[in-house]
Amino acid sequence: MSLANGRTYLAIPGPSVVPDAVLRSMHRASPNIYDGELPDMMPDLVRDLKRVARTDGHVAIYICNGHGTWEAAFANTVAAGEKVLVLSTGFFAERWADMAKSRGIEVDVLRFDVGGTFDLQRVRDALAADGAHSYKAVLAVHVDTSSSNRNEFAPLRAILDDLGHPALLMADCIAALAVDRFEMDAWGVDVAMTASQKGLMCPPGLGFVYFNDRAAEQRRRLKIVSAYWDWTRRAAPEMFYQYFCGTAPTHHLYGLRTALDMIHDEGLDAIWARHATLARAVWAACEHWGQDGPLRLTVPDPALRSNAVTALSIGKPLGTQLRQWCSETAGVTLGIGLGMESEADPNSDGYFRLGHMGHVNAHMVLGVLGVVEAGFGALDIAHRPGGVAAAARVISGV
Ligand SMILES: *Cc1c(COP(=O)(O)O)cnc(C)c1O
């Protein structure tokens, strides 16, 4: 019997739930792209986008997903044949490194525990060994959505400054901007990128690259920057058309306007606190279930967990079975395991992820957890009953 009819819920780590208000603001006739409301709303939109990343720097907007922003960032800062250092705690850092290689950039990767964070001494040693300053950038992912760990940037800035190393500090904030605290200027990040479909609560299709004056200086050093990816005009256009190097993503911009209004009406500090509490409820349930069964959080240390997503292992093939049961029987889609493939589990059937980013509240999170606990029962998966009650206690305590 299926109980899935009713409003379905995509509880994966992006695309996230799009608020009805955002959908409604996109539902309109095509607007004029030459003058009027749409061009007029850009200066405030740009200002409010920068507020989300806590930066007074610049932002370029692209019609692309997160991968496109990686490409955009490289196109403006690192030439083929130059070198970057990638700090990897998982799948997305590795894919970002692949993107660099595909552009002819030389890549050194420092690998750390998936589910842990950077060993700062190893980072320092690698940068100290680069006395010739051949690294043009240090690349690090804020929240690696595959493992759900969260990495800090201020300590990386401190190391670079301490060593007098001029490499740009680049942050992939695609998973958790407007979810987990991120302060671009205060933390000394030079280039940060995100996309529309996670914490920003919009459909996929817009990519954002934030950069400061140091990064803009690097751009001027490069001999070739393709006109489409060049961030210079996009960040300081003389006319509306130049924001996007062509036709604007008209309806997405209306959706984004509404999403930014929602974000700033709630306030970033309140948003971070909401996500932190909801995440604690998720962890309470998962830790409780795992006491008498195979369920494990990928990040053991709560201090290193993101508030946007929780990655879990449960053993092959239970992850896939649970996901199928939840979507077919209960209308909730859980995230697949990503980057966890091994010889014993080539399709990551022993993993799943819970997305809790963006337009989520207590009843949504408790609903997902209730469905997961029901799935354990239906599939006879060993667990300690009462995880939902443990989550409810977190919610009761606010
Ligand atoms: C989602 C995500 C990406 C990829 O974004 P796409 O829009 O799928 O290209 C990259 N990095 C991180 C950390 C992400 O969470």
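This text goes with the structure placed above it.
Below you will find a few notes about this structure. Keep in mind that this is a model prediction, so the values were computed, not measured.

**Here we look at the site of the ligand**
- If you check the shell around the ligand, you find 13 residues, and the closest are Gly66, His67, Thr145, Gln197 and Lys198.
- Aspartate 172 places a polar side-chain atom, nitrogen or oxygen, 2.7 Å from a nitrogen atom of the ligand.
- Protein coverage of the free-state accessible area of the ligand, which is 380 Å², stands at 90%.
- Class assignment for the residues of the shell around the ligand results in 6 nonpolar, 5 polar and 2 charged.

**A few points about the side chain of aspartate 230**
- In this fold, aspartate 230 is placed in the loop between helix 8 (213-221) and helix 9 (231-235).
- A polar atom in the side chain of aspartate 230 sits 2.7 Å from the side chain of threonine 232.
- Residue contacts for aspartate 230: discarding those within four places in its chain leaves Tyr62, Asn76, Arg219 and Val225.

**Considering the state of the cysteines**
- The final tally for this structure, using the stated rule, is 0 disulfides.
- Cysteine cysteine 64 remains unbridged, with the sulfur of cysteine 245 as its closest cysteine sulfur at 13 Å.
- Among the residues examined, cysteine 64 registers a relative accessible area of 12% and is labelled buried.

**Thoughts on helix 7 (residues 154-163)**
- For helix 7, the full list of buried residues reads Leu156, Arg157, Ile159 and Leu160. One side of helix 7 carries all its buried residues, which in axial view fall inside an arc of 160°. Across from the buried face of helix 7, at angles greater than 90 degrees, the exposed residues are Asp161 and Asp162.

**Here we look at the pattern of salt bridges**
- Evaluated as defined, the whole model comprises 27 salt bridges.
- Residue glutamate 82 pairs with arginine 221 through a salt bridge whose shortest N-O separation is 2.9 Å. Pair noted here: glutamate 82 is in the loop between helix 4 (66-75) and strand 3 (83-88) and arginine 221 is in helix 8, with a separation of 139 residues, a long-range link.
- Residues joined by salt bridges that share partners form a network here, namely Asp44, Arg47, Asp48, Arg51, Arg257 and Asp261.

**Quick notes on the sheet that holds strand 4 (residues 106-111)**
- Across the sheet, which stays open at both edges, the 7 strands sit in the order 2-10-9-8-5-3-4 with mixed pairing between neighbours. Both outer strands of the open sheet, strand 2 (58-62) and strand 4, are each paired with one neighbouring strand and no more. Averaged over all pairs of adjacent strands, the angle between their axes in this sheet comes to 20°, without regard to strand direction.
- Note: strand 2 against strand 10 (residues 207-211), 5 bridges, orientation antiparallel. In the strand pairing of strand 10, valine 59 is matched with tyrosine 210.
- Against the sheet, helix 6 (residues 120-128) contacts strand 3, strand 4 and strand 5 (135-141), and its axis sits at roughly 155° relative to strand 4.
- With respect to the sheet, helix 7 is in contact with strand 3, strand 5 and strand 8 (168-172), its orientation differing from that of strand 8 by roughly 165°.

**Topic: the side chain of threonine 69**
- Along the chain, threonine 69 turns up in helix 4.
- A relative accessible area of 0% places threonine 69 in the buried class.
- When residues no more than four places from it in sequence are discounted, the contact partners of threonine 69 are Cys64, Ile174, Met193, Thr194, Gly207, Phe208 and Val209.

**What about the packing of aromatic side chains?**
- One pass over the full model with this rule turns up 13 aromatic pairs.
- Consider the rings of phenylalanine 74 and tryptophan 96, whose centres lie 6.4 Å apart with planes at 35°: the pair is tilted. Pair noted here: phenylalanine 74 is in helix 4 and tryptophan 96 is in helix 5 (residues 91-102), with a separation of 22 residues, a long-range link.
- Classification of phenylalanine 74 as buried rests on a relative accessible area of 0%.

**A closer look at a nonpolar patch on the surface**
- Together, Tyr34, Met239 and Tyr241 line one region of the surface with nonpolar side chains, adding up to about 380 Å² of accessible area.
- Locating tyrosine 241 in the fold gives a position in the loop between helix 9 and helix 10 (250-266).
- A residue is classified by how much of its surface remains accessible, and tyrosine 241, at 39% relative accessible area, is partly exposed.

**Things to note about the environment of valine 371**
- If you trace the backbone, valine 371 turns up in helix 13 (residues 362-379).
- C-alpha separation for the pair valine 371 and tryptophan 325, spaced 46 residues apart in sequence, amounts to 9.3 Å.
- Leaving out residues up to four positions away in the same chain, valine 371 has contacts with Trp325, Cys326, Ala330 and Val332.

About the thresholds
- Residues numbered from 1 in each chain as written.
- Predicted model: local features only at pLDDT ≥ 70, side-chain atom pairs only at ≥ 80, totals over all residues.
- Heavy atoms only, no water.
- Near = heavy atom within 4 Å.
- Polar contact = N/O pair within 3.5 Å; in protein donor to acceptor, adjacent residues only side chain to side chain.
- Areas by Shrake-Rupley, 256 points an atom, 1.4 Å probe, with all protein chains shown as cover.
- Nonpolar A, V, L, I, M, F, W, Y, C, P; charged D, E, K, R; others polar.
- Helix = DSSP H or I, 4+ residues; strand = E, 2+ residues; numbered from the N terminus.
- Contact = heavy atoms within 4.5 Å.
- Disulfide = S-S within 2.5 Å.
- Buried < 20%, exposed > 50% of the residue type's maximum accessible area, 1.4 Å probe, protein only.
- Arc of directions from axis to C-beta.
- Salt bridge = Lys/Arg side-chain N within 4 Å of Asp/Glu carboxyl O.
- Pairing = 2+ DSSP bridges.
- Axes fitted to C-alpha atoms, helices over the stretch in contact; angles between N-to-C directions.
- Phe/Tyr/Trp six-rings, centres within 6.5 Å; stacked < 30°, edge-to-face > 60°.
- Patch = residues over 30% accessible without salt bridge, like charges linked within 9 Å, V, L, I, M, F, W, Y side chains within 5 Å.

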